Amino acid sequence: MNKTGKLYVVGIGPGSYEDMTIRAINALKDSELIVGYTVYIDLIREHFPDKEMLTTPMRKEQERCQMALLEAGKGKTVSMVCSGDSGVYGMSGLILELADIDVDIEIIPGVTAALSGGALLGAPLGHDFAVISLSDLLTPMELIEERLSMSAKADMVICLYNPSSKKRADYLKRACEIMLEYKAPETVCGLARNVGRAEEDMAVMTLETLKNTSVDMFTTVYIGNSMTRTIGGRMVTPRGYRHE
């Protein structure tokens, strides 16, 4: 009988080695094989030069998971890497759905973009917030728009993942228009770009300005609530609502 393998599903954080957790680093060190999307493997390759690595291109998530499960099923210790956290728009759910062999699966959490970008901006997530992806590859646009509307109506801080792409250049503008139905034009907003990488950058602006701002897939967008304000150029949401 073949030895049962081990499969780690590892959140590697925003991109820099320093932002990875010790637990994530130890899992990768313990692995014989690391599997992942090409861009994510390139972020960690120099730090684990002795490891065998297998990659797949974008939109090959199921093939990637099956590859990792197959190798672990052979008795290997394997890591499937995900950007940010392995369970937030990551591979841990799909791995668990597809696992039909006797493999020990361990989910390793990581620092998701909402948190790493929030730290760069200041403290935008000090109170209740919602994380919504603007990618409609797996979610109908009508449902995304409803979630935007309901979150804005509830005066939540909203963090947007996947705010734009070549095919979705106007999605952020549409999202802002929906939120302007419930939020004031001067609502404080922020952008965090390329967090943990050489091109790291951030900007604070109003919702009205954000509506006409160009972003890319490496940008995380933050829309404040009615209490969010700018302090020393940083975006800050107080921990609670105070009624004088």
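Overview of the structure.

Section: the packing of aromatic side chains
- Going through the model one piece at a time under the given rule, you end up with three aromatic pairs.
- Taking the centre distance of 5.0 Å and the plane angle of 85° together, the rings of Y37 and Y40 count as edge-to-face.
- When the centroid spacing of 5.3 Å and the interplanar angle of 50° are considered together, the rings of Y89 and Y161 count as tilted. Remark: Y161 occurs in strand 8 (residues 157-161) and Y89 occurs in the loop between strand 4 (77-82) and helix 4 (92-98); sequence separation between them is 72 residues.
- Taking relative accessible area as the criterion, Y161 reaches 10% and is therefore assigned buried.

A closer look at the sheet that holds strand 1 (residues 6-11)
- Pairing is parallel in the open sheet, where five strands are placed in the order 3-2-4-1-5. Two strands close off the open sheet at either side, each with one partner strand: strand 3 (52-56) and strand 5 (104-108). For this sheet, the mean angle separating the axes of adjacent strands, direction not counted, is 20°.
- Here strand 2 (residues 33-37) pairs with strand 3 via five bridges, running parallel. Bridge pairing in strand 3 places Y37 opposite T56.

Concerning helix 7 (residues 171-179)
- Residues Y171, L172, A175, C176, I178 and M179 constitute the buried set of helix 7. What you see down the axis of helix 7 is that its buried residues fit within an arc of 160°, all on one side.
- Check the buried side of helix 7 and you find it contacts helix 6 (141-153), strand 8, helix 8 (207-210) and strand 11 (219-223).

A look at the side chain of S79
- Its location among the elements puts S79 in strand 4.
- When its relative accessible area of 0% is taken as the criterion, S79 is described as buried.
- Residues contacting S79, with those up to four places away along its chain left out, are Y8, V10, A27, L28, S31, L33, I34 and V35.

Cut-offs applied
Residues numbered from 1 in each chain as written. Predicted model: local features only at pLDDT ≥ 70, side-chain atom pairs only at ≥ 80, totals over all residues. Heavy atoms only, no water. Phe/Tyr/Trp six-rings, centres within 6.5 Å; stacked < 30°, edge-to-face > 60°. Helix = DSSP H or I, 4+ residues; strand = E, 2+ residues; numbered from the N terminus. Buried < 20%, exposed > 50% of the residue type's maximum accessible area, 1.4 Å probe, protein only. Pairing = 2+ DSSP bridges. Axes fitted to C-alpha atoms, helices over the stretch in contact; angles between N-to-C directions. Arc of directions from axis to C-beta. Contact = heavy atoms within 4.5 Å.

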